[in-house]
Amino acid sequence: MKKQSLDTPFILLDIAKVERNIANMQAVANSAGVGLRPHGKTHKMPQFAQMQIDAGAIGITVAKVGEAEVMAEGGIQNILIAYPIVGAAKIERLVRLAQRVALTVAVDSLEAAEAISRKSAEAGTMINLLVEIDCGFKRVGIQPGQPALDLALRINELPGVELKGLLTFAGHSYDAVNEEELRAIGSDEGATVIRTAELFRKHGLSLDIVSAGSTPSAQYAALVGGITEVRPGTYIFGDLMQVKIGSHKLENCALTVKVTVISRPEQDRAVIDAGTKVFTMDGEDSPLGTGRGWVVGHPGIQVEWFTEEHGMLRLSAEEQGLKVGDTLEIIPVHCCAVINMMDEAAIIRDEAVLGIWPIAGRGKVR
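Definitions and cut-offs
Starting afresh in each chain, residues are numbered from 1 along the sequence in its written order. pLDDT decides what is reported in this predicted model: residues at 70 or higher carry local features, side-chain atom pairs at 80 or more are listed and counted, and totals for whole chains, interfaces and linings draw on all residues regardless. Here the side-chain values reflect all heavy atoms present in the structure, with hydrogen atoms and water set aside. Elements are defined by DSSP. Helices are runs of H or I of four residues or more, strands are runs of E of two residues or more, and each kind is numbered from the N terminus. Take the residue count of a helix, subtract one, and multiply by 1.5 Å to get its expected span. Only heavy atoms matter for contacts: two residues are in contact if any of them lie within 4.5 Å across the pair. Using only the protein atoms, space was sampled on a 1 Å grid; points where a 1.4 Å probe fits but cannot get out form cavities, open sets with protein on both sides within 12 Å along at least five of seven lines form pockets, and lining residues are those with an atom within 4 Å of a point. Grid points are joined across faces, edges and corners, and a volume is the space filled by probe spheres set on the points. Three classes are used, and their members are as follows: Ala, Val, Leu, Ile, Met, Phe, Trp, Tyr, Cys and Pro are nonpolar, Asp, Glu, Lys and Arg are charged, and the others, Gly among them, are polar. For every element, the axis is a line fit to its C-alpha atoms; helices are fit only across the contacting stretch, and the angle between N-to-C directions ranges from 0 to 180 degrees. Our angle categories are set so that under 35 degrees counts as roughly parallel, over 145 as roughly antiparallel, 65 to 115 as roughly perpendicular, and the remainder as oblique. Whether a crossing is left-handed or right-handed is set by the direction in which the near helix is turned from the far one by less than a right angle, anticlockwise for left-handed and clockwise for right-handed. Salt bridge, as used here: a side-chain nitrogen of Lys or Arg that lies within 4 Å of a carboxyl oxygen of Asp or Glu. Only protein chains enter the calculation, and the probe is 1.4 Å; a residue is then buried if its accessible area is under 20% of its type maximum, exposed if over 50%, and partly exposed in between. Strands were regarded as paired on the criterion that DSSP finds at least two bridges between them.

Quick look at helix α5 (residues 110-123)
- Helix length check: α5 (14 residues) gives 20 Å between terminal C-alpha atoms against 20 Å at 1.5 Å per residue, within 8%.
- Buried residues belonging to α5 abut α4 (88-98), β5 (102-107), β6 (127-133), α6 (146-155) and β7 (161-168).
- Just downstream of α5 lies G124, where phi reads positive at about 75 degrees.

Some points on the layout of surface pockets
- As a volume, the largest pocket reaches approximately 1,000 Å³.
- What lines the largest pocket is a set of 43 residues, and nearest its centre among them are K41, R139, F169, Y174 and H334.
- Put simply, the parts of the chain that give the lining of the largest pocket at least two residues each are α9 (240-245) and α11 (335-339).
- Looking at the lining of the largest pocket, the element that brings in the most residues is α9, giving 4 residues.
- For the lining of the largest pocket, a count of residues per class yields 20 nonpolar, 10 polar and 13 charged.
- Looking at the second largest pocket, its volume works out to about 340 Å³.
- In terms of lining residues, the second largest pocket is bounded by N21, N24, M25, V28, T215, Q219, Y235, G246, S247, H248, K249 and N252.
- A total of 4 residues in the lining of the second largest pocket trace back to one element, the largest contributor, which is helix α1 (residues 15-32).
- Looking at the lining of the second largest pocket residue by residue, the classes come out as 3 nonpolar, 8 polar and 1 charged.

Points about the packing of α4 against α5
- Where α4 contacts α5, the axes come no closer than 10 Å and their chain directions differ by 45 degrees. Here α4 lies oblique to α5, going by the angle between them. In the crossing of α4 with α5, the sense of the turn from one axis to the other is right-handed. Two secondary-structure elements touch here, α4 through I91, E92, L94 and V95 and α5 through A115, I116, K119, S120 and A123.
- Grouping the constituent residues of the contact of α4 with α5 by class yields 6 nonpolar, 1 polar and 2 charged.

Things to note about the pattern of salt bridges
- Under the definition given, this model contains 21 salt bridges.
- The residue E229 makes a salt bridge to R37 at a minimum N-O spacing of 3.0 Å. Of this pair, E229 sits in strand β9 (residues 229-230) while R37 sits in the loop between β2 (35-36) and α2 (46-54), and the two are 192 residues apart along the sequence.
- Overall, the relative accessible area of 3% leaves E229 in the buried class.
- Under the relative-accessibility criterion, R37 is labelled buried at 5%.

Comments concerning the sheet that holds β7
- Strand order in the open sheet formed by 8 strands is β2-β9-β8-β7-β6-β5-β4-β3, with parallel pairing between adjacent strands. Single-partner strands in this sheet number two, and they are β2 and β3 (60-62).
- Here 2 bridges tie β2 to β9, and the two strands are oriented parallel to one another. Within β9, the residue paired with L36 across the bridge is V230.

Pasting the structure below:
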């Protein structure tokens, strides 16, 4: 079957570009001598996680217990949950999961660590813990230095868990305006976590893992001596958010959404069959001046605005031949958000549909 036969809206994933993106990031990690533990929140599919591992990745990162369960069901054996797991129901699932796979969890509070410890010890399991520190993003993460050390020393005394190291995330790298800023943020991300790691070691704590680096910052954080692994996610598909900050190239973006023109209400306007329930409103407008997306092969079309089920396009003079029933492909602003809106995606190579893969982690927010 050709992709032209697919109904719309439909996520299309160019597998040749995916393979190239996987290989390129693995080469970055290999060159720096660090492990690559990709974040699966982008693709949410065990098939892609396995492709990453087959290419050399040491395991997979996820955000939620539900995503970890999906990856384990798909055969992934080494999983990091880079998110505070809080609440009895989640911790019970966490313990069951630890009986099946090598499981590591990031924590930034003694309360979370103690709750995991109690249930893990009762079940006779061992769950690895990483102390997450804040390197400047101001989201989660205990403060580096003494506060992190104090937490680590307490964790080190708990049963049912083993302190394995440190983790951080420089989410503010997404605000960088050029490569120089990206480099500075990535280098500082790495240096911040390394300083705290050195403090841990001075107090007798052994660390197997010192983890940093997202798609924008990974190539720079990886070069900081002492970093053991990086955790980029979006690189596998790419999107306009990454293009804007220079961490991905437009021609390497592997995810598009196939849509259909359903209305031509005015000469310079068209409406497509996908709105915020497909593209979401996450992230800023395209850096290419085309609004909420890039229409492949049609630089004169601006994705102007969305409602829930409709996407409004503004057409330049050369694009006004567009007709009701025509189909387009659009690169979104944020691919991770789009993946979570759909149940399945088409795997494409050279216009042919190789398969329709379920997005098994879609909606796994608990």
